[in-house]
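Residue-level listing of the chains:
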Amino acid sequence: MNYRHAFHAGNFADVVKHVVLTRILAYLGRKDAAYRVIDTHAGAGLYDLAGDEARRTGEWEGGIGAVLRARFTPAVRELLAPWLEAVRAVNEAAPDDSVLAGQLRRYPGSPRLAQVLARPQDRMLFCETQPGVRAALEEAVGRDPRAKVLATDGWQALNAYLPPKERRGVVLVDPPFEEPGEFHRLAHGLAEALRRWSGGIYLLWYPIKDVRAVDGFRREIERAGIPKTLNIQFDLRTVRQADTMTGCGLIVVNPPFTLAEELRTLLGALAPVLATDGAGRARVGWLTPER
Ligand SMILES: C[S@@+](CC[C@H](N)C(=O)[O-])C[C@H]1O[C@@H](n2cnc3c(N)ncnc32)[C@H](O)[C@@H]1O
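Now for a look at the structure at hand. (Residues numbered from 1 in each chain as written. Predicted model: local features only at pLDDT ≥ 70, side-chain atom pairs only at ≥ 80, totals over all residues. Heavy atoms only, no water.)

## Remarks on the overall build of the protein chain
Note the following rule: Secondary structure elements are taken from DSSP: a helix is a run of H or I of four residues or more, a strand is a run of E of two residues or more, and numbering for both begins at the N terminus. Computation of the radius of gyration draws on C-alpha atoms, with the globule rule given as 2.2 Å multiplied by the number of residues to the power 0.38. With a 1.4 Å probe rolled over the protein chains alone, any residue whose accessible area is under 20% of its type maximum counts as buried; one over 50% counts as exposed, and the rest are partly exposed. By definition, residues are in contact when any of their heavy atoms lie within 4.5 Å. Accessible surface is estimated by sampling points in the Shrake-Rupley manner with a 1.4 Å probe; for residues, cover comes only from the protein chains shown. Under this rule, positive means Lys or Arg and negative means Asp or Glu; His and the chain ends count for nothing. The atoms used to mark charge sites are NZ of Lys, CZ of Arg, CG of Asp and CD of Glu.
For the protein chain, the count of helices and strands is 10 helices and 10 strands. Taken over the C-alpha trace, the protein chain has a radius of gyration of 18 Å; the compact-globule value for 291 residues is 19 Å, and the two agree within 12%. For the protein chain, with 291 residues in total, the buried portion stands at 56%. A sequence separation of at least 24 residues applies to 76% of the contacts in the protein chain between residues at least 6 apart. Here the protein chain displays about 13400 Å² of accessible surface, and carbon together with sulfur accounts for 48% of that area. Taking the average location of the 39 positive side-chain charges in the protein chain and that of its 35 negative ones, the two points are 5 Å from each other.

## Remarks on empty space enclosed by the protein
Selection criterion: Only protein atoms enter the 1 Å grid used here, on which a cavity is any set of points holding a 1.4 Å probe that cannot leave and a pocket is any open set flanked by protein within 12 Å on both sides along at least five of seven lines; residues with an atom within 4 Å of a point are listed as lining. Grid points are joined across faces, edges and corners, and a volume is the space filled by probe spheres set on the points.
Overall, the coordinates contain 1 cavity of 30 Å³ or more when judged by the stated rule. Within this model, the largest cavity holds a volume of roughly 30 Å³. Lining the largest cavity are Trp155, Leu158, Val173, Leu186, Gly189, Leu190, Tyr202 and Leu204. Secondary-structure elements contributing two or more residues to the lining of the largest cavity are helix 7 (154-160), helix 8 (182-196) and strand 7 (201-208). A per-element tally of the lining of the largest cavity places helix 8 first, with 3 residues.

## Comments concerning the nonpolar core
Counted only if it meets this: The criterion is simple. A nonpolar core is a set of buried Ala, Val, Leu, Ile, Met, Phe, Trp, Tyr and Cys residues joined through side-chain atoms within 4.5 Å.
Among the nonpolar cores identified, the biggest contains 94 residues, and Val20, Trp83, Tyr202, Phe234 and Leu270 are the most heavily contacted of them. For this core, the leading source of residues is helix 1 (residues 12-28), giving 10 residues. Residues in contact with tryptophan 83, not counting those within four places in the same chain, are Val15, His18, Val19, Thr22, Ile64, Val67, Tyr107 and Leu113.

## What about the environment of valine 211?
Residue placement: valine 211 occurs in helix 9 (residues 211-223). For valine 211, a relative accessible area of 36% puts it in the partly exposed group.

Okay, here's the thing in structure tokens:
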């Protein structure tokens, strides 16, 4: 397994995933009761945008870089705020000699976003199987009694750690999609997890590259009878190109009631900013309705 998220950190797909995650976390944070975040494929937690990998692809420039250059309405800025606050929080310690003109030097992955937004009563579990990446994640998370970094396989975590004792929270499933059968594993893992914890919010990320595989995945979720499922499709361009990721999608099970409307506003504003040709397109719709 060669996947290294550092090449892609802060790109359009991270932006889309992370704004959705932070909207869910903002919603969970409205009530005092503790919540739990379970991140089954956590990655390194924090990425150096001036580092070798990020510089080699430059993908972040069309993602977080483009967002920081864009102008948004006050309503969109308010929805982006929790995510951008977390981005700012990890950059405060950036050295002055940053090659990025003293501005953006680091980008927070999902574990650091969760950590920055969590309150004292909230808890986080981060699973990462690659030892080198896990060591980086441990360093990024630091000593935090609210958070645990585990070597547990993310697919097993869906069985082992559900339901959490807080009985509220979000499970992020964000595998690298490098192995065949990943779409099926995702749909199957979700169905199993829901058997253990039907009330949790689940956020699943998938690439839009092989359209037939995506259609098959969505049909599998529909057939599994999973209720209350939102599908978000984000297209960077309208023309498909074989073997190229032209967009990404997210499945949200049990979304907060505010989420669909928020994302229509937010992703609608991000589509032209992140697009690589034309205006891009964001679609937010129910894959399966509430029962
Ligand atoms: C797409 S990246 C995660 C990005 C992260 N969720 C974020 O948004 O910042 C996927 C990560 O999963 C790790 N991984 C691969 N297979 C895994 C498994 N079976 N269990 C846990 N982690 C795994 C990879 O090493 C990689 O770091």
